[in-house]
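One-letter residues, chain by chain:
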Amino acid sequence: MQLLQDKIRDFGNVLSPTVLKVDAFLNHQIDAALMKAVGEEFAERFKDVQATKILTLESSGIAPATMLGLVLGLPVIFARKRKSLTLSGNLLSATVHSFTKNVTSEISVSRDFLQAGDQVIIIDDFLANGEAVRGLLSVVAQAEATAVGVGIVIEKGFQHGGKELRDNGVRVESLAIIDSMDTDHIRFR
Ligand code: 5GP
C-alpha cells in the first residue's frame, strides 16, 4: 500500500535493527485519514471472506480494526491486556509475550462477544514474531470460532512470525512488509 509506505518512510523512526517507531501516525498520534484508507484496503483484501466479527488487541490494533469494521459493518472486539473490574466471568484467555515491552501478559476476551461459528478477521498493527496473532488465534479457537484471515498494518518480514503463520496455513494480509531497515533506509518487499 503506497500511501502507508510513504508514511512509514516520512514519519517512521528506526529505533534499533528490529524496532520501528510509528508514534506519529499509528501508535500514539493517529492519522485518521490513513486509518480510513487502511480499513478500506483490508476490506478489499478480504472481500472474498464472509466475516462476522473483527478481533484485535488493545491498544494499537483498535484504530485500523475499527476502520475495517466501519467499512464491513461488523462488530469490532479488542482483547484486553489488563484485568479490569468490569471484565469478569466467562473469559477466553491466552498468554502473549510482548516483543517491544519484553513482558508476558494474559490477554482476555469475554465469551459474550465471540461465539461458536463466528468467522473472525484478526487485525493488528505490527507482526514481528507472531506472538500477539498466535494469542488471538488461540482465543478464536477457544470460542470454537474460525479465523478467516489475519490483517496486519506493518509486517517486519525479517522476523519469523509471518512465515510461520503462513507455513501453518494462516492467511496473512500485510499492507506493508519491511524486508530490512536501518536508520537511513527502510526497504519494502
Ligand atoms: P509479535 O507478537 O508479532 O512478536 O509482535 C507484534 C506486537 O508487538 C504488536 O502488537 C505490536 O504492538 C508490537 N510490535 C512488534 N514490533 C514492533 C515494532 O517494531 N514497533 C512497534 N511500534 N510495535 C511493535
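Residues numbered from 1 in each chain as written. Predicted model: local features only at pLDDT ≥ 70, side-chain atom pairs only at ≥ 80, totals over all residues. Heavy atoms only, no water.

For the protein chain, the name recorded in an unreviewed UniProt entry is Xanthine phosphoribosyltransferase, with Vitreoscilla massiliensis as its organism. Looking at the protein chain in UniProt, the text filed under Sequence similarities (unreviewed entry) is "Belongs to the purine/pyrimidine phosphoribosyltransferase family. Xpt subfamily." Listed in UniProt under the heading Catalytic activity (unreviewed entry), the comment for the protein chain reads: "XMP + diphosphate = xanthine + 5-phospho-alpha-D-ribose 1-diphosphate". (UniProt positions renumbered as here; feature names shortened; annotations may be inferred.)

Visitor: Just give me the short version of the pairing of strand β8 (residues 146-156), but keep the residues and values in it.
Guide: Most of β8 sits out of view: nine of its eleven residues are buried. Bridging between strand β7 (residues 119-127) and β8 involves eight bridges; their strand directions are parallel. Note on β8: the bridge partner recorded for Phe-126 is Ile-154. For the segment spanning β7, helix α5 (residues 131-142) and β8, crossover handedness is right-handed. Looking at chain direction, β8 and strand β9 (residues 172-182) are connected through six bridges and run parallel. Bridge pairing links Gly-151 to Glu-173 in β9. (Buried < 20%, exposed > 50% of the residue type's maximum accessible area, 1.4 Å probe, protein only. Helix = DSSP H or I, 4+ residues; strand = E, 2+ residues; numbered from the N terminus. Pairing = 2+ DSSP bridges. Right-handed = clockwise from strand over helix to strand, strands pointing away.)

Visitor: Account for the UniProt feature "binding site: 5-phospho-alpha-D-ribose 1-diphosphate" (unreviewed entry) in the protein chain, naming residues and giving values.
Guide: The UniProt record marks Ala-128, Asn-129, Gly-130, Glu-131 and Ala-132 with the feature "binding site: 5-phospho-alpha-D-ribose 1-diphosphate" (unreviewed entry), using the residue numbering of this structure. As for its position among the elements, Gly-130 is in the loop between β7 and α5. Look at Gly-130 and you get buried, because its relative accessible area is 3%. Among the structural elements, Ala-132 can be located in helix α5.

Visitor: Outline the sheet that holds β8, listing residues and values.
Guide: The strand order β4-β3-β7-β8-β9-β10 describes an open sheet built from six strands, whose pairing is mixed. One side of each edge strand has no neighbouring strand; the edge strands of this open sheet are β4 (76-79) and β10 (185-188). On average, adjacent strands in this sheet sit at an angle of 25° to one another, irrespective of strand direction. On the sheet, helix α1 (residues 2-11) packs against β8, β9 and β10 and is oriented at approximately 160° with respect to β10. (Axes fitted to C-alpha atoms, helices over the stretch in contact; angles between N-to-C directions. Contact = heavy atoms within 4.5 Å.)

Visitor: Summarise the UniProt feature "binding site: xanthine" (unreviewed entry) in the protein chain; cite the residues concerned and give the values.
Guide: Under the feature "binding site: xanthine" (unreviewed entry), the UniProt entry names Leu-20, Asn-27 and Lys-156. You can see Asn-27 is positioned in helix α2 (residues 23-27). Judged by its relative accessible area of 27%, Asn-27 falls in the partly exposed class. Once residues lying within four places of it in the same chain are set aside, the contact partners of Asn-27 are Val-22, Ser-60, Asp-125 and Phe-126. By the element assignment, Lys-156 lies in strand β8. Setting aside its immediate chain neighbours within four residues, Lys-156 contacts Thr-18, Phe-99, Phe-126, Leu-127, Ala-128, Ile-178 and Met-181.

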